[in-house]
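Per-entry structural report
This is what each chain is made of:
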Amino acid sequence: MAIKPLIDASTIAQRVAALGADITRDYAGKDIVVVPVLKGSYVFAADLVRQIDLSVEVDFLGVRSYGDGQESSGVVQITTDLSHPIQGKHVILVEDIVDTGLTVAYLRENLVTRQPASLKIASLLHKPARTRVPVGIDYLGFTVEDVFIVGYGLDHAQKFRNLPYLAIITDDSH
Ligand code: IMP
């Protein structure tokens, strides 16, 4: 297993600051609810909310995706639900990475039934090569190739979330 740095901490910080400024501008005068999807987006979301100069509530969604190994099946179970209703509120769902798109598509459908005033998607990363369900990402950090990414909240077998930068993990056993 080898770790190869991909995007350094200061590049991430600059991009997150730009996304926060975009959100601040787009929602000027409104209150918003930021909904990080656990666990992968917790680092991104923590940095993002501190770059948003608005009245912000934060509420979490925990999900488990059933699939064979690293492949998402699209069957998503909500393991931790929001603690407050979002009816009539402006909601931004925050993901770490949109890979096949199945998780975000499922969550969007689920959250829309709760009748928010609006619902947008922020994702740190997008892997367009693996798209199975196209999802519009309103606030995107970086587009990446079809490689497995760790760090800045993203894990491999629950490890590496604490890396302050984004890295590619490669299996160099063969
Ligand atoms: P999707 O439903 O295929 O879009 O899967 C999204 C979820 O799969 C993400 O929220 C991550 O938890 C996980 N995931 C997909 N690709 C990666 C990766 O490269 N590194 C770490 N986690 C990933």
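The sections below set out a description of the structure shown in this document. (Residues numbered from 1 in each chain as written. Predicted model: local features only at pLDDT ≥ 70, side-chain atom pairs only at ≥ 80, totals over all residues. Heavy atoms only, no water.)

**Describing the environment of valine 16**
Mapped onto the fold, valine 16 is located in helix H1 (residues 9–26). Sequence separation between valine 16 and leucine 111 is 95 residues; the distance between their C-alpha atoms is 24 Å. Ignoring anything within four residues of it in the chain, the contact list for valine 16 reads Phe44, Asp47, Leu48, Gln51 and Tyr152. (Helix = DSSP H or I, 4+ residues; strand = E, 2+ residues; numbered from the N terminus. Contact = heavy atoms within 4.5 Å.)

**Thoughts on the site of the ligand**
Surrounding the ligand, one finds 16 residues, the nearest of these being Asp96, Asp99, Thr100, Thr103 and Ile149. Glycine 101 has a polar backbone atom sitting 2.9 Å from an oxygen atom of the ligand. Lysine 127 places a polar side-chain atom, nitrogen or oxygen, 2.9 Å from an oxygen atom of the ligand. If the ligand stood free it would expose 490 Å²; the protein chains cover 84% of that surface. Of all the secondary-structure elements, those providing two or more residues to the shell around the ligand are strand S6 (90–98) and helix H3 (102–112). Per-element tally for the shell around the ligand: the top contributor is S6, with 4 residues. By residue class, the composition of the shell around the ligand is 7 nonpolar, 4 polar and 5 charged. (Near = heavy atom within 4 Å. Polar contact = N/O pair within 3.5 Å; in protein donor to acceptor, adjacent residues only side chain to side chain. Areas by Shrake-Rupley, 256 points an atom, 1.4 Å probe, with all protein chains shown as cover. Nonpolar A, V, L, I, M, F, W, Y, C, P; charged D, E, K, R; others polar.)

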